[in-house]
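Analysis of the macromolecular model
The chain contents come next:
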Amino acid sequence: MPKADALLERIKTFRHAGREEVVVRKVARGYSLFSARTGAPIARLRPTGEADMVQVLWWNGERWGGSGPFGIATMPLGDALDYIATEPAFWIHA
């Protein structure tokens, strides 16, 4: 039986008032979030290997890139999901 993926299960519960439904796919070493309505990329979360810390990337129209003003933002998963929900830049392409 496959091992349960706790991060994936937590990300799948991601909902935020005023935002559309999100589809989550595990791809390579991370998790990609897409708009359920349009299929457009919203964000990518890459686990760091330290507890529930993840790197948060955003889709710049061509590829995944750093979401913070000084590169790739790294934070606990709960904070990362709040960041994605409240930062308009993630929703530009959605």
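Attention here is on the structure that accompanies the text. (Residues numbered from 1 in each chain as written. Predicted model: local features only at pLDDT ≥ 70, side-chain atom pairs only at ≥ 80, totals over all residues. Heavy atoms only, no water.)

**Here's the deal with the side chain of Ser 35**
Our working definition: Per the convention used, a helix needs a DSSP run of H or I reaching at least four residues, while a strand needs a run of E reaching at least two, with both numbered from the N terminus. Each residue gets one of three labels from its accessible area relative to the maximum for its type: buried under 20%, exposed over 50%, partly exposed in between, using a 1.4 Å probe on protein chains only. Contacts between residues were defined by any pair of non-hydrogen atoms, one from each residue, lying within 4.5 Å.
Among the secondary structure elements, Ser 35 is positioned in strand β2 (residues 30–35). For Ser 35, a relative accessible area of 1% puts it in the buried group. The contacts of Ser 35, once residues within four sequence positions are left out, are Glu 20, Glu 21, Ala 40, Ile 42 and Ala 94.

**As for helix α2 (residues 77–86)**
For α2, the complete set of buried residues consists of Leu 77, Ala 80, Leu 81, Tyr 83, Ile 84 and Ala 85. Against α1 (6–12), β3 (41–47), β4 (53–59) and β6 (73–76) lie the buried residues of α2.

**Some remarks on unusual backbone geometry**
For residues besides glycine, phi is generally negative; the peptide bonds are generally trans as well. The backbone phi angle of Ala 28 is positive, close to 50 degrees, even though this residue is not glycine. Among the secondary structure elements, Ala 28 is positioned in the loop between β1 (22–27) and β2. One non-glycine residue, Ala 51, lies in the positive phi region at around 50 degrees. Tracing the sequence through the fold places Ala 51 in the loop between β3 and β4.

**Some remarks on the side chain of Arg 44**
Using the following cut-off: We call two N or O atoms a polar contact when they sit within 3.5 Å, provided that within protein one can donate a hydrogen and the other can accept it, with sequence-adjacent residues counted only if both atoms are side-chain atoms.
Topologically, Arg 44 is positioned in strand β3. Of the polar contacts made by the side chain of Arg 44, one reaches the side chain of Ser 32; its length is 2.9 Å. Leaving out residues up to four positions away in the same chain, Arg 44 has contacts with Val 27, Ala 28, Arg 29, Gly 30, Tyr 31, Ser 32, Gln 55, Val 56, Leu 57 and Trp 64.

**A look at the nonpolar core**
Counted only if it meets this: Residue types Ala, Val, Leu, Ile, Met, Phe, Trp, Tyr and Cys, when buried and joined through side-chain atoms within 4.5 Å, form a set referred to as a nonpolar core.
Residues Ile 42, Leu 45, Val 56 and Ile 84 are the most contacted members of the largest nonpolar core, which totals 24 residues. Listing elements by their share of this core, those giving two or more residues are α1, β1, β2, β3, β4, β6 and α2. Dropping the residues within four chain positions of it, Ile 42 is found in contact with Val 22, Leu 33, Phe 34, Ser 35, Trp 58, Trp 59, Trp 64, Ile 84, Phe 90, Trp 91 and Ala 94.

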